[in-house]
There are 2 protein chains.
Amino acid sequence: MTVKRRPGRRPGSADTRGEILAAARTVFAEKGFDKATVRGIARRAQVDPALVHHYFDTKEGMFAEAMQLPINPDEVVPAILEGPREEVGERLVRLLLRLTAENEARQPVIALLRSAMTNEQALAMVREFITNALLYRVADGLGVPHLRIEAAFSQMVGLILARYVLQLEPLASADDEELVALIAPTIQRYFTA
Amino acid sequence: MTVKRRPGRRPGSADTRGEILAAARTVFAEKGFDKATVRGIARRAQVDPALVHHYFDTKEGMFAEAMQLPINPDEVVPAILEGPREEVGERLVRLLLRLTAENEARQPVIALLRSAMTNEQALAMVREFITNALLYRVADGLGVPHLRIEAAFSQMVGLILARYVLQLEPLASADDEELVALIAPTIQRYFTA
């Protein structure tokens, strides 16, 4: 009882978008982030590539949605690049604290880190996403060496780990302003010194 | 054909020390780091507590050995506290890079982090060890607030994660001197600012 609407496209199901994301998860896991393509994801989802583009602007954004990450490069990268250069450290720490404030938002980030720590294939995928979709874009946009952006990343990911995974006190209960005062100058220094 | 040597003590096996460490692993996993006692570990290993003390000076050291950690608080804490205060950041970064230089030394650290990320009981144990055996002792020895030592820890653990687990390039291949120049001022600032 299905009706073919357009050639080369599956009949639009109630959750075509969800099916594309499921296909994306499979393709990202198999191919990694770099080698996955919109075309390959469309093929896996049995839809036209144009339909994938209709739902998702970029592969970066699709990855973030497929993994339910609160950190979408299409939004995060411009937010970091815009605004005064001398406040980039503070901007980045505030952004990270805001995006990971809710436990529901954090869990997919922690799940992705966990799978990178236990599975070689997931590791390659996560590494490619972190560097090519996030860090190098911010670094190149600001003219900061890749080593320095990765030093900043190491501080941010360590903060997430110490605060939300290991839940060290008093760090876990510290308020945002205290953390911004403590951590933002570190990030600022990596970006400018 | 075993001969009882002393009352209250099991016949000395070829690897009494190894048996004590195996008992320690079980007791630490069950009780956590704080509540585990030398007496409880001795009971589990069916040896006299004095024999445990003969092999291991402290519970902290026993934990490090039981988990095969390259970071033994009995050695690391004094090494950080001794020496010029204005070089503590550099001393700490150099120490960490040295202790985790070999893959064999690193793996137990990463395994412990991984189990803390996947198992609530392991998490409590790891958290207690990190704070009570390491961080608070360094902080109290230097008169640094616990929040600041945990900020420093977050940078160090993030460095391990980014460099050795995620293996981000160019960070993973950066030489020690480059990393010391980049990271040591961060640690120094947390300890003094």
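- Going by what an unreviewed UniProt entry lists, chain A is known as TetR family transcriptional regulator and is assigned to Nonomuraea typhae.

1. Observations concerning unusual backbone geometry
Item 1. With omega at 10°, the peptide bond leading from glutamate 169 of chain A into proline 170 of chain A counts as cis.
Item 2. Mapped onto the fold, proline 170 of chain A is located in the loop between helix H9 (146-165) and helix H10 (176-192).
Item 3. Unlike most non-glycine residues, glutamine 46 of chain B shows phi in positive territory, near 55°.
Item 4. Here glutamine 46 of chain B shows up in the loop between helix H2 (38-45) and helix H3 (49-55).
Item 5. Residue classification places glutamine 46 of chain B among the exposed positions, given a relative accessible area of 53%.
Item 6. Even without being glycine, glutamine 167 of chain B reaches a positive phi, approximately 55°.
Item 7. Mapped onto the elements of the fold, glutamine 167 of chain B is located in the loop between helix H9 (146-165) and helix H10 (176-192).
Item 8. By relative accessible area, glutamine 167 of chain B is classed as partly exposed at 35%.

2. Some details on the packing of aromatic side chains
Residue and element names in this part refer to chain A.
Item 1. Taken as a whole and assessed by the stated rule, the structure comprises 12 aromatic pairs over all chains.
Item 2. Linked through ring pairs, Phe28, Phe33, Phe63 and Phe129 together constitute an aromatic cluster.
Item 3. Geometry around phenylalanine 33 places lysine 59 over its ring, the cationic atom sitting 4.7 Å from the centre.

3. Observations regarding the packing of helix H7 (residues 103-118) of chain A against helix H7 (residues 103-118) of chain B
Item 1. Across the interface, H7 of chain A lies against H7 of chain B with an axial gap of 10 Å and an inter-helix angle of 140°. Taken as axis vectors, H7 of chain A and H7 of chain B run oblique relative to one another. Seen along the crossing, H7 of chain A lies across H7 of chain B with a hand that is left-handed. Counted together, Ile110, Leu113, Arg114, Met117 and Thr118 of chain A of H7 of chain A and Ile110, Leu113, Arg114, Met117 and Thr118 of chain B of H7 of chain B form the full contact between these two elements.
Item 2. Taken together, the residues of the contact of H7 of chain A with H7 of chain B break down into six nonpolar, two polar and two charged.

4. A closer look at the relation of the copies chain A and chain B
Item 1. Least-squares fitting of chain A to chain B yields an RMSD of 0.0 Å, with the transformation described by 0.0 Å of translation along the axis and a rotation of 180°. A rotation of that kind, with that shift, is consistent with a two-fold axis. Minimal C-alpha distance to the rotation axis in chain A is attained by glycine 158 of chain A, lying at 1.9 Å.
Item 2. Take the interface residues of chain A: 100% of them recur as interface residues in chain B, which is what a same-surface contact looks like.

Cut-offs used in this document
Residues numbered from 1 in each chain as written. Chains lettered and ligands numbered in written order. Predicted model: local features only at pLDDT ≥ 70, side-chain atom pairs only at ≥ 80, totals over all residues. Heavy atoms only, no water. Helix = DSSP H or I, 4+ residues; strand = E, 2+ residues; numbered from the N terminus. Buried < 20%, exposed > 50% of the residue type's maximum accessible area, 1.4 Å probe, protein only. Phe/Tyr/Trp six-rings, centres within 6.5 Å; stacked < 30°, edge-to-face > 60°. Lys NZ or Arg CZ within 6 Å of the ring centre and 35° of its normal. Axes fitted to C-alpha atoms, helices over the stretch in contact; angles between N-to-C directions. Parallel < 35°, antiparallel > 145°, perpendicular 65-115°, else oblique. Left-handed = near helix turned anticlockwise from the far one by under 90°. Contact = heavy atoms within 4.5 Å. Nonpolar A, V, L, I, M, F, W, Y, C, P; charged D, E, K, R; others polar. Least-squares fit on C-alpha atoms with pLDDT ≥ 70 in both.

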